[in-house]
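Fold and contact review
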2 protein chains.
Amino acid sequence: MRQALAQAQKSYDANGIPVGAVLARNNERTPLAVGHNQRVQKENPILHGEMDCLQNYGRQKNYRGTTLYTTLSPCMMCAGTVVQFKIPSIVIGQKEVRVPADKPFTGNIDFLRSRGVEVRLLNDPGCEALFAEFLKNNMDLWLEDIGED
Amino acid sequence: MRQALAQAQKSYDANGIPVGAVLARNNERTPLAVGHNQRVQKENPILHGEMDCLQNYGRQKNYRGTTLYTTLSPCMMCAGTVVQFKIPSIVIGQKEVRVPADKPFTGNIDFLRSRGVEVRLLNDPGCEALFAEFLKNNMDLWLEDIGED
């Protein structure tokens, strides 16, 4: 998760959305791939942090024995991708984004579990602090990223 | 759907996976964007036809009033993306891929409908014929694309 947060910070420092992801083989410290949200940097709506990471990993026969680390609970696109790719395990830094109050983002932990994905939620203060800092001046960008307007 | 099938044919002619997609505003003939599967062409596992199309459309505030046409029923990644992006309507050429018999691909029509997406299924002979032709010599590639091995 430390490396996923570093990816989120890298995106934030480039005026992007601070969500980072790492794919790793279980019990190995060196990641298979890393990535971060690229909506701003590449003007690309499908490259959430998780998707960018999987794109960077390239074509694979399977994802057995891997874990995806993400700083923020996956949206429906990314959760669907985890299920489709049969990634068996995911570790999530931040559970949800409660602001604005009328458009809360609650992620898809229940969906992932219902499809057999092992989910571990860290409630990581570092992930939460970076995202709160981002939201201070970028609420419109955040809402665009989750399809709210 | 004719334009989505032309995208699928274009991918097939480049030795790629023949799934094509078109995003259009309702009642307009000129598409907002087109795309096709790019697993082979770009060595990219996330660029299914629907995802490539949405990437090509770039950043958007919303997808109100749009319909996504796809030659093959969307996988869980693409179905999740349609829900996340709040695309209200989808038209599907081919419902499912029944071979190999032990690894049928049934798409996600029920999931889409359960999330409020309007789904129209065409059972289009042109889409089905092209995909059947592709499967004759590319079963391994197809199974890789749906995460089966």
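Each remark here, short or long, concerns the structure printed above.
Now for a look at the structure at hand. Since the structure is predicted, the reported quantities are computational estimates derived from the model, not experimental observations.

**So, the relation of the copies chain B and chain A**
When chain B is brought onto chain A, the operation consists of a screw motion whose angular component is 180° and whose axial shift is 0.0 Å, with 0.0 Å RMSD remaining. Seen this way, the second copy is the image of the first under a two-fold rotation axis. In terms of proximity to the rotation axis, the leading residue of chain B is Gly80 of chain B, whose C-alpha is 2.5 Å off the axis. A symmetric contact is evident, with 100% of the interface residues of chain B recurring at the interface of chain A.

**Considerations on the sheet that holds strand β3 (residues 66–72) of chain B**
Strands in a sheet are paired, the pairing made by backbone hydrogen bonds, and the direction either parallel or antiparallel. All names here are of chain B. Strand order in the open sheet formed by 5 strands is β2-β1-β3-β4-β5, and the pairing between neighbours is mixed. If you trace the sheet from one side to the other, it starts and ends with β2 (33–36) and β5 (118–121), each paired once. Strand-to-strand twist in this sheet, taken as the mean axis angle between neighbours without regard to direction, amounts to 15°. With 5 bridges joining them, strand β1 (residues 20–25) and β3 adopt antiparallel strand pairing.

**A closer look at unusual backbone geometry**
Omega for the bond connecting Val99 of chain A with Pro100 of chain A falls within 30 degrees of zero, at -10°, which places this linkage in the cis form. Structurally, Pro100 of chain A can be placed in the loop between β4 (89–94) and α4 (109–114). Its identity as a non-glycine residue notwithstanding, Asn15 of chain A has a phi of 65°, on the positive side. Looking at the secondary structure, you find Asn15 of chain A in the loop between α1 (2–13) and β1 (20–25). With phi around 60°, Lys86 of chain B is a residue other than glycine that occupies positive phi space. Locating Lys86 of chain B in the fold gives a position in the loop between α3 (76–84) and β4 (89–94). Looking at Lys86 of chain B, the relative accessible area reads 44%, which means it is partly exposed.

**Structural notes on empty space enclosed by the protein**
All names here are of chain A. Under the criterion given, the structure shown has 5 cavities of 30 Å³ or more. Counting only elements with at least two residues in the lining of the largest cavity, the list comes to α2 (49–57) and α6 (139–145). Grouping the constituent residues of the lining of the largest cavity by class yields 8 nonpolar, 4 polar and 2 charged. Taken as a whole, the second largest cavity encloses approximately 80 Å³ of empty space.

**Some details on the sheet that holds β1 of chain A**
Residues and elements named next belong to chain A. Strand order in this open sheet of 5 strands is β2-β1-β3-β4-β5, and the pairing throughout is mixed. Every interior strand has two partners, whereas the edge strands, β2 (33–36) and β5 (118–121), have only one. Mean inter-strand twist for the sheet, computed between neighbouring axes without regard to direction, equals 15°. With 4 bridges connecting them, β1 and β2 associate as antiparallel partners. Looking at β2, one finds that Gly20 is bridged to His36. Its contacts with the sheet put α1 on β1, β2 and β3 (66–72), and the angle it makes with β1 is roughly 150°.

**Regarding the packing of aromatic side chains**
Counted according to the given criterion, the structure contains 11 aromatic pairs over all chains. A ring pair is formed by Phe131 of chain B and Phe134 of chain B, whose centres lie 5.3 Å apart and whose planes are at 55°; its orientation type is tilted. Pair noted here: Phe131 of chain B and Phe134 of chain B are both in helix α5 (residues 125–135), with a separation of 3 residues, about one helical turn. A relative accessible area of 1% places Phe134 of chain B in the buried class. Connected via pairs of aromatic rings, a cluster forms that spans Phe105, Phe131, Phe134 and Trp142 of chain A.

Rules used throughout
- Residues numbered from 1 in each chain as written.
- Chains lettered and ligands numbered in written order.
- Predicted model: local features only at pLDDT ≥ 70, side-chain atom pairs only at ≥ 80, totals over all residues.
- Heavy atoms only, no water.
- Least-squares fit on C-alpha atoms with pLDDT ≥ 70 in both.
- Contact = heavy atoms within 4.5 Å.
- Pairing = 2+ DSSP bridges.
- Helix = DSSP H or I, 4+ residues; strand = E, 2+ residues; numbered from the N terminus.
- Axes fitted to C-alpha atoms, helices over the stretch in contact; angles between N-to-C directions.
- Buried < 20%, exposed > 50% of the residue type's maximum accessible area, 1.4 Å probe, protein only.
- 1 Å grid on protein atoms, 1.4 Å probe; cavity = no way out; pocket = protein on both sides within 12 Å on 5 of 7 lines; lining within 4 Å.
- Points joined across faces, edges and corners; volume = space filled by probe spheres on them.
- Nonpolar A, V, L, I, M, F, W, Y, C, P; charged D, E, K, R; others polar.
- Phe/Tyr/Trp six-rings, centres within 6.5 Å; stacked < 30°, edge-to-face > 60°.

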